[in-house]
Amino acid sequence: MAKRTVKDLDVNGKKVLVRVDFNVPRQDGVITDDNRIQMALPTIKYLVENNAKVVLFSHLGKVKTEEDKAKNNLECAAVRLQELLPDTKVTFCPETRGATLENAVAALKDGEILVVQNTRYEPGESKNDPELGKYWASLGDVFVEDAFGSVHRAHASTVGIPTNLKENGIGFLVEREVTMLGKAVDNPVHPFVAIIGGSKVSSKIDVIDNLLKKADKVIIGGGMAYTFSAAQGGKIGDSLVEEDKIDLAKEYLEKAGDKLVLPVDNVIADAFSEDANTKYADAGEIPDGWQGLDIGPKTVELFKQTLAGAKTVVWNGPMGVFEMKKFAKGTEEICKAISELPDAITVIGGGDSAAAAKQLGYADKFSHVSTGGGASLEYMEGKTLPGIAIISDKD
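What comes next concerns the included structure. Note that this is a predicted model, so its numbers are computed, not measured.

Criteria and cut-off values
Residues numbered from 1 in each chain as written. Predicted model: local features only at pLDDT ≥ 70, side-chain atom pairs only at ≥ 80, totals over all residues. Heavy atoms only, no water. Pairing = 2+ DSSP bridges. Helix = DSSP H or I, 4+ residues; strand = E, 2+ residues; numbered from the N terminus. Axes fitted to C-alpha atoms, helices over the stretch in contact; angles between N-to-C directions. Contact = heavy atoms within 4.5 Å. Buried < 20%, exposed > 50% of the residue type's maximum accessible area, 1.4 Å probe, protein only. Core = buried A, V, L, I, M, F, W, Y, C linked by side-chain atoms within 4.5 Å. Phe/Tyr/Trp six-rings, centres within 6.5 Å; stacked < 30°, edge-to-face > 60°. Lys NZ or Arg CZ within 6 Å of the ring centre and 35° of its normal. 1 Å grid on protein atoms, 1.4 Å probe; cavity = no way out; pocket = protein on both sides within 12 Å on 5 of 7 lines; lining within 4 Å. Points joined across faces, edges and corners; volume = space filled by probe spheres on them. Left-handed = near helix turned anticlockwise from the far one by under 90°. Nonpolar A, V, L, I, M, F, W, Y, C, P; charged D, E, K, R; others polar. Salt bridge = Lys/Arg side-chain N within 4 Å of Asp/Glu carboxyl O.

## What about the sheet that holds strand 13 (residues 265-269)?
Here comes step 1: Pairing is antiparallel across the open sheet formed by 3 strands, whose spatial order is 14-13-16. At either margin of the open sheet sits one strand with a lone partner, and together these are strand 14 (278-282) and strand 16 (291-295). For this sheet the average axis-to-axis angle between neighbouring strands, irrespective of direction, equals 45°.
Here comes step 2: Of the strand pairs in this sheet, strand 13 and strand 16 are connected by 4 bridges, and their pairing is antiparallel. Paired with Ala 269 across the bridge in strand 16 is Gln 291.
Here comes step 3: Lying on the sheet, helix 11 (residues 297-307) is in contact with strand 13, strand 14 and strand 16; it crosses strand 16 at an angle near 40°.

Next comes the structure, spelled out in structure tokens:
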């Protein structure tokens, strides 16, 4: 059943509570990347244009101490939002409850925005404290969920508010995420190729399980490939390995057969450093004192051949240590190959692979780059996302 969207809601003159994702990176209190604020703008602008009184909730960083509070004050996001919307009045409330917040909400006029202080200033936020969710819900008439990066968490601001506010729906950002991930994972056009990278098998077990059931081919790259290589009896030198997952890797190799596509060579280095000596080694033939830090040229060609003709591609996790230029080529070549597929739905599932695509200049060449690392990962695992499940279905 499809979920209600912001367009299904009567917002004219209403106090609309919106969960956004303003968890932006900062250095010395200055925002270094405002992409998450930019991504929220379509929903915010729609509400402003339709005369809503807009109240924005977001977390920022982890808050456990008073020092964390000072470091993760959300006011910087309100200031940036005002710069992006110069013709709209944006106010910041430094409190998360009480008379100051209630008065600020009451003072809002149609088409104005109030940004509420970091939701994690409230200890009950991450515990989904029923009293807190009920209190926040009492401040508004309508709730809109537009923080995809947080919908996998059952928090007071993602689940508690809509539990108490039945007039609710998803915003444009969440709607696009669900649509694109759904097309890629739930209803893929075949051939469907999944690419799973990153450092650890343990963090991707459920993704591998779910995608092996659905994809025609599952490519394995990144640090986790060396655990598979070890499971095949290969020599992996000093490469990253999860000893306790070797038996699991053997199971995957047995049950998946030729559906699983593994690296055939690697770029290896004598140290985990940009300055290390490097050379190529075939998979399973990495000498002691050396470690695999990227896929090699033969693997790039194999993965390209595997991708050829694909109509759906889901990618989660880089092929190597892309943060170091010396070991970024594998990830870049796979980025390029996916971006050049004709008429394919190509989705990056957030996290490091999204960061890699942006860093390497390919992000805009994909059908969709997810804004939520953890949420997209759980979607790909086939799990229910509580922040979406709680939203009312379309009538």
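Having seen the model, we can carry on.
## Section: the environment of Thr 299
Here comes step 1: As for its position among the elements, Thr 299 is in helix 11.
Here comes step 2: Judged by its relative accessible area of 0%, Thr 299 falls in the buried class.
Here comes step 3: Separated by 229 residues in sequence, Thr 299 and Ala 70 place their C-alpha atoms 48 Å apart.
Here comes step 4: If sequence neighbours within four positions are ignored, Thr 299 has contacts with Pro 263, Val 264 and Asp 265.

## Brief notes about unusual backbone geometry
Here comes step 1: With an omega of 0°, the peptide bond between His 190 and Pro 191 qualifies as cis.
Here comes step 2: By the secondary structure assignment, Pro 191 is in the loop between helix 7 (172-186) and strand 9 (192-196).
Here comes step 3: With a phi close to 55°, Asp 343 is a non-glycine residue in the positive phi region.
Here comes step 4: Tracing the sequence through the fold places Asp 343 in the loop between helix 12 (329-339) and strand 18 (345-348).
Here comes step 5: Asp 343 sits in the exposed class, given a relative accessible area of 71%.

## Things to note about the nonpolar core
Here comes step 1: The biggest cluster of nonpolar side chains holds 65 residues, and the ones touching the most others in it are Phe 148 and Ile 220.
Here comes step 2: In this structure Ile 220 touches Ile 196, Ile 208, Ala 225, Phe 228, Leu 260, Val 261, Leu 262, Pro 263 and Phe 303, once residues within four positions along its chain are discounted.

## As for the packing of aromatic side chains
Any pair of aromatic rings gets described here by the distance separating the centres and the angle formed by the planes.
Here comes step 1: For the structure on display, the rule yields 4 aromatic pairs.
Here comes step 2: A centroid spacing of 5.4 Å and a plane angle of 85° characterise the contact between Tyr 46 and Phe 172, whose relative ring orientation is edge-to-face. One end of the pair, Tyr 46, is in helix 1 (residues 35-49); the other, Phe 172, is in helix 7, with 126 residues separating them in the sequence.
Here comes step 3: You can call Phe 172 partly exposed: its relative accessible area is 21%.
Here comes step 4: The side chain of Arg 97 reaches across the aromatic face of Tyr 135, ending 5.6 Å from its centre.
Here comes step 5: Looking at Lys 279, its charged tip hangs above the ring of Trp 290, at a distance of 4.4 Å from the centre.

## As for the sheet that holds strand 8 (residues 168-170)
Here comes step 1: Across the sheet, which stays open at both edges, the 6 strands sit in the order 5-6-4-1-7-8 with parallel pairing between neighbours. The outermost strands of the open sheet, each flanked by one partner alone, are strand 5 (90-93) and strand 8. On average, adjacent strands in this sheet sit at an angle of 25° to one another, irrespective of strand direction.
Here comes step 2: In terms of strand pairing, strand 1 (residues 15-19) meets strand 4 (residues 53-57) through 5 bridges, oriented parallel. By the bridge assignment, Lys 15 is partnered in strand 4 with Lys 53.
Here comes step 3: Packed onto the sheet, helix 6 (residues 156-164) meets strand 1, strand 4, strand 7 (142-145) and strand 8 and runs at close to 145° relative to strand 7.

## Thoughts on empty space enclosed by the protein
Over the atoms, a rolling probe the size of a water molecule traces out where space has been left empty.
Here comes step 1: Taken as a whole and assessed by the stated rule, the structure comprises 1 cavity of 30 Å³ or more.
Here comes step 2: Here the largest cavity is characterised by a volume of approximately 50 Å³.
Here comes step 3: Lining the largest cavity are Asp 21, Arg 36, Met 39, Ala 40, Asp 146, Phe 148, Gly 149, Leu 173 and Thr 371.
Here comes step 4: Ranked by residues supplied to the lining of the largest cavity, first place goes to helix 1 with 3 residues.

## Some points on the packing of helix 7 against helix 14 (residues 373-380)
Here comes step 1: Where helix 7 contacts helix 14, the axes come no closer than 10 Å and their chain directions differ by 35°. Between helix 7 and helix 14 lies a crossing whose hand is right-handed. For the pair formed by helix 7 and helix 14, the contact residues are Val 178, Leu 181, Gly 182, Val 185 and Asp 186 on the first element and Ser 376, Tyr 379 and Met 380 on the second.
Here comes step 2: When the residues that make up the contact of helix 7 with helix 14 are grouped by side-chain class, the tally is 5 nonpolar, 2 polar and 1 charged.

## As for the pattern of salt bridges
Here comes step 1: Applying the stated rule across the entire model yields 24 salt bridges.
Here comes step 2: Glu 122 is the salt-bridge partner of Arg 97, the closest N and O atoms lying 3.1 Å from each other. One end of the pair, Arg 97, is in the loop between strand 5 and helix 4 (99-107); the other, Glu 122, is in the loop between strand 6 (113-116) and helix 5 (130-137), with 25 residues separating them in the sequence.
Here comes step 3: Residue classification places Arg 97 among the partly exposed residues on the basis of a relative accessible area of 32%.
Here comes step 4: As a salt-bridge pair, Lys 255 and Asp 209 come within 3.8 Å of each other at their nearest N and O atoms.

## A look at the environment of Lys 255
Here comes step 1: Mapped onto the elements of the fold, Lys 255 is located in helix 10 (residues 246-256).
Here comes step 2: Since its relative accessible area comes to 57%, Lys 255 is described here as exposed.
Here comes step 3: Measuring from C-alpha to C-alpha, the distance between Lys 255 and Ser 203 comes to 20 Å, with 52 residues separating the pair along the chain.

## Remarks on the environment of Lys 214
Here comes step 1: Along the chain, Lys 214 turns up in helix 8 (residues 205-214).
Here comes step 2: By relative accessible area, Lys 214 is classed as partly exposed at 27%.
Here comes step 3: Between the C-alpha atom of Lys 214 and that of His 190, which follows or precedes it by 24 residues, the distance is 9.7 Å.
Here comes step 4: Not counting residues within four places of it along the chain, the set of residues in contact with Lys 214 comprises Val 185, Asp 186, His 190 and Phe 192.

So far we have only geometry, and geometry alone does not tell us how the molecule works.
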